[in-house]
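Coordinate analysis (summary)
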Amino acid sequence: MTTSSRVVSAEDMKGAAKRRLPKMVFDFLEGGVLDEITVARNTADLRAVEFKQRTLAELEGSHTAVSMLGRQSDIPFFVSPMGMLGMMHPHADVGVARAITRAGGTFIHSAWSGVTLDEVVAAAEPGRVWGQVNYWKNREHTERHLENLRKHAIDVLVLPGDCVFGDKRERDLHHGLNNLPPRLSIPDMISCALRPAWVANILFGRKVTYGNYTINGRPLKMSQMKPWMAENEDVTVSWRDLAKTRENWQGKIVLKGVMCAEDARRALDLGVDAIFVSNHGGRQFDRQPSTVSVIEEVVEAVDGRAEVYADGGVTRGHDALAMMSAGATAVGLGRSVAYALAAGGEAAVSKLIAQLTSEFEQAMGFCGVADPALAGPEIRRNTWGGGAR
Ligand SMILES: Cc1cc2nc3c(=O)[nH]c(=O)nc-3n(C[C@H](O)[C@H](O)[C@H](O)COP(=O)(O)O)c2cc1C
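The structure displayed is predicted, hence computed values, not measured ones. (Residues numbered from 1 in each chain as written. Predicted model: local features only at pLDDT ≥ 70, side-chain atom pairs only at ≥ 80, totals over all residues. Heavy atoms only, no water.)

1. A word on the site of the ligand
Surrounding the ligand, one finds 20 residues, the nearest of these being Pro81, Ser110, Gln132, Asp311 and Gly313. A distance of 2.7 Å separates an oxygen atom of the ligand from a polar atom in the backbone of Pro81. Measuring from a nitrogen atom of the ligand, one finds a backbone N or O atom of Gly83 at 3.0 Å. Burial of the ligand by the protein chains amounts to 95% of its free accessible area of 600 Å². (Near = heavy atom within 4 Å. Polar contact = N/O pair within 3.5 Å; in protein donor to acceptor, adjacent residues only side chain to side chain. Areas by Shrake-Rupley, 256 points an atom, 1.4 Å probe, with all protein chains shown as cover.)

Dropping the structure here:
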């Protein structure tokens, strides 16, 4: 399955994904929590950014590489952790990890991934996979997962601070996805019937499981996920847990989901190595500011003590440059990558990454910047606040 030569952007990938996925799966991917205000803000605030065009800038030696925790990333993008990628395409995390790491970027394996870390590490370029681990009520699950990272010599741990409490994604509720497997409505049955390739992949391809967790030695099945989560979710997770992890984990720690200066400072005081500004793409908590609009506040609080990453609404190379002009070191891709995966598996993800990188390079050029690390607020004409308000 390939994407046509007319698919030239993240938006085109999204269109192709829409044609290939049943509506309930597309809605699961595109949707956000409640009124989806945060989803809209992420995008609108990025698009409202105006860059300053510079002429006759000498751009010899121009490149797109950035440094992430002491290692070079050839591109300014990494893939944010995403669970359920197997619903988009059987290549799932394996295809995405291959595509991004071959391009010289980093893949973050989700704590909720349907593919085991072992499979992902075997497929990816060495040293380019980071692992996300969640705090479960039974901390043995958490410990086992950490042990697995150590076994694979993964030395960057990403902790999710943006999904402790439940979500209310109303599109999913309309499709009955609160029960897994769902009892399909007639329109959803028709939507599936019109996409036999997707149905065949789900029925006969890679089984969608929670690859990181097991019951009696077997990966959790889809039907077991809900009760397992209900039993294991822990809303008492606190800074104390982070402090304990800091003591026991020798590698680097990235805290994802930081959306204000106070939390950034507290995380740094506890020894976190990088701050990841994320509102989970507006999928967990609505009525938050856009990520791009809080990067500067967080960068100021961090005051050069750590790297700052950001994600949320990135569909163009220009979006990444906007985030970097606010002080982000590197930028995460969420839905854009999942749409590309659905549109055409690993090849389409590679194509998307190449497109975004080329857009980024062009935008840098027009702004007169030869090194992403030098993209500061002076490349912009305006500040944040143009979003969906
Ligand atoms: C299908 C899907 C699954 C996700 N799963 C996770 C996850 O397991 N862990 C996590 O920290 N974030 C998860 N996220 C959030 C992403 O890491 C990221 O923060 C968000 O998608 C960025 O916004 P964007 O989709 O607008 O690029 C998920 C997002 C999507 C779309």
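2. Description of the pattern of salt bridges
Two side chains with opposite charge may pair up if their charged atoms get near one another. Applying the stated rule across the entire model yields 21 salt bridges. Put simply, Asp27 and Arg171 hold a salt bridge, and the shortest N to O gap is 3.0 Å. Placement of the pair is Asp27 in helix H2 (residues 23–30) and Arg171 in helix H7 (residues 170–174), with a sequence separation of 144 residues. Residue classification places Asp27 among the buried positions, given a relative accessible area of 6%. Glu346 is the salt-bridge partner of Arg102, the closest N and O atoms lying 3.3 Å from each other. Highlighted residues: Arg102 in helix H4 (residues 92–102) and Glu346 in helix H15 (residues 335–366), separated in sequence by 244 residues. Judged by relative accessible area, Glu346 falls into the buried class, the value being 13%. When salt bridges with common partners are traced through the structure, they connect Lys14, Lys23, Asp27, Glu30, Glu36 and Arg171 into a single cluster. (Salt bridge = Lys/Arg side-chain N within 4 Å of Asp/Glu carboxyl O. Helix = DSSP H or I, 4+ residues; strand = E, 2+ residues; numbered from the N terminus. Buried < 20%, exposed > 50% of the residue type's maximum accessible area, 1.4 Å probe, protein only.)

3. Examining the packing of helix H1 (residues 10–20) against H15
Put simply, H1 and H15 touch, their axes get as near as 9 Å, and they point 160° apart. One way to sum up the angle between H1 and H15 is to call them roughly antiparallel. Viewed along their axes, H1 and H15 form a crossing whose handedness is right-handed. On H15, the residues touching Ala10, Met13, Lys14, Ala16, Ala17 and Arg20 of H1 are Ser336, Tyr339, Ala340, Ala342, Ala343, Gly344, Ala348, Lys351, Leu352 and Gln355. Counted by class, the contact of H1 with H15 contains 10 nonpolar, 3 polar and 3 charged residues. (Axes fitted to C-alpha atoms, helices over the stretch in contact; angles between N-to-C directions. Parallel < 35°, antiparallel > 145°, perpendicular 65-115°, else oblique. Left-handed = near helix turned anticlockwise from the far one by under 90°. Contact = heavy atoms within 4.5 Å. Nonpolar A, V, L, I, M, F, W, Y, C, P; charged D, E, K, R; others polar.)

4. Side note on H15
Under the 1.5 Å per step criterion, the end-to-end length of H15 is only 27 Å for 32 residues, more than 12% shorter than the ideal 46 Å. By the largest-angle criterion, Gly344 marks the main kink of H15, which is about 130°. The buried fraction of H15 is high, at 23 of 32 residues. Immediately beyond the C-terminal end of H15, within one or two residues, lies Gly368, with a positive phi of roughly 75°. (Expected span 1.5 Å × (residues − 1). Bend = angle between axes of the 7 residues up to and from the residue.)

5. Considerations on the UniProt feature "binding site: glyoxylate" (unreviewed entry) in the protein chain
UniProt's feature table lists "binding site: glyoxylate" (unreviewed entry) at Gln132, Arg169, His280 and Arg283, given in the numbering used throughout. Annotated residues spanning 152 residues; largest pairwise C-alpha distance 22.7 Å, indicating distribution over more than one region. The annotated residues that sit in the lining of the second largest pocket are His280. Topologically, Gln132 is positioned in strand E5 (residues 129–132). Given the relative accessible area of 3%, Gln132 is considered buried. Ignoring any residue separated from it by four or fewer positions in sequence, one finds Gln132 in contact with Pro81, Ile108, His109, Ser110, Ala111, Trp112, His145, Val158, Pro160 and Lys256. With respect to the element layout, Arg169 can be found in the loop between strand E6 (156–160) and H7. The class of Arg169 is buried, set by a relative accessible area of 10%. (UniProt positions renumbered as here; feature names shortened; annotations may be inferred. 1 Å grid on protein atoms, 1.4 Å probe; cavity = no way out; pocket = protein on both sides within 12 Å on 5 of 7 lines; lining within 4 Å.)

6. As for the nonpolar core
Formed by 121 residues in total, the largest nonpolar core has its most connected members in Ile275 and Tyr309. No other element matches the 15 residues that H15 contributes to this core. Not counting the four nearest positions on each side in its chain, Ile275 is found in contact with Leu255, Val258, Ala264, Ala267, Leu268, Val298, Val302, Glu307, Val308 and Tyr309. (Core = buried A, V, L, I, M, F, W, Y, C linked by side-chain atoms within 4.5 Å.)

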